[in-house]
Structure formats: C-alpha cells, structure tokens
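As a plain string of letters, each chain reads:
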Amino acid sequence: MEKIRLKPWQLYASMFILLFAIGVFIRWRDPRGVLWGDNLLQSSIGAVMITVGFVIGDRHRRKNKKYQEEVKNRLKDKE
C-alpha cells in the first residue's frame with residue numbers, strides 16, 4: 001500500500017478545516033447557547049492559532065529532516 005503524500009499547503013488547509021469543524025461542533029453543543037456569530041469567530045480564531053503553531057512546527061521538522069538526510073549522505077560518502 002502506497003503512503004499518501006500531501007503538499008504542505010494541503011496539509012495545513014486540511015488541518016485548519018478539521019480544527020475549525022471541531023471547534024464549531026463543540027461550541028454548537030454548548031448548553032449555554034452561545035450566539036452563532038460569536039461561535040464562528042471563536043472557532044476560527046482558535047483554529048488559526050493552532051494551525052499556525054502546527055505550521056511552524058512542521059516547517060521546523062521538515063528543515064531538520066533535510067539537514068539530517070544531508071549529514072547521512074555525507075557520512076556515507078566518507079566511508
């Protein structure tokens with residue numbers, strides 16, 4: 001079975017959509033009856049903040065992975 005590879009922007013967009021949907025659902029189920037406009041605003045702000053953190057971490061991981069592969073290749077060349 002082949003592993004599915006997404007481009008970074010596809011991964012970030014799908015993460016935002018998933019987080020936004022979860023936030024809307026949780027606030028929709030709130031028994032206190034939050035207004036719909038506030039619900040969307042809070043859900044979107046929360047999803048954006050978490051997605052930005054995910055983007056920063058993922059870019060840092062990708063950069064480190066690239067350098068790690070480069071170091072491994074240089075070590076193989078020396079042997």
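Residues numbered from 1 in each chain as written. Predicted model: local features only at pLDDT ≥ 70, side-chain atom pairs only at ≥ 80, totals over all residues. Heavy atoms only, no water.

Undergrad: How do you make sense of the pattern of salt bridges when you look at a structure like this?
TA: Pairing between side chains of opposite charge can happen when the charged atoms of each approach one another. Enumeration over the complete set of coordinates arrives at three salt bridges. Ionic pairing is found between E70 and R74, a salt bridge with its closest N-O pair at 3.1 Å. With E70 and R74 both in helix α2 (residues 36-78), this residue pair falls four residues apart, about one helical turn. You can call E70 partly exposed: its relative accessible area is 32%. (Salt bridge = Lys/Arg side-chain N within 4 Å of Asp/Glu carboxyl O. Helix = DSSP H or I, 4+ residues; strand = E, 2+ residues; numbered from the N terminus. Buried < 20%, exposed > 50% of the residue type's maximum accessible area, 1.4 Å probe, protein only.)

Undergrad: Looking at this model, I keep getting lost on a nonpolar patch on the surface. Mind explaining?
TA: Together, L18, I22, F25, I26 and W28 make up an exposed nonpolar region whose accessible area comes to about 550 Å². Relative to the assigned elements, I26 resides in helix α1 (residues 8-28). (Patch = residues over 30% accessible without salt bridge, like charges linked within 9 Å, V, L, I, M, F, W, Y side chains within 5 Å. Areas by Shrake-Rupley, 256 points an atom, 1.4 Å probe, with all protein chains shown as cover.)

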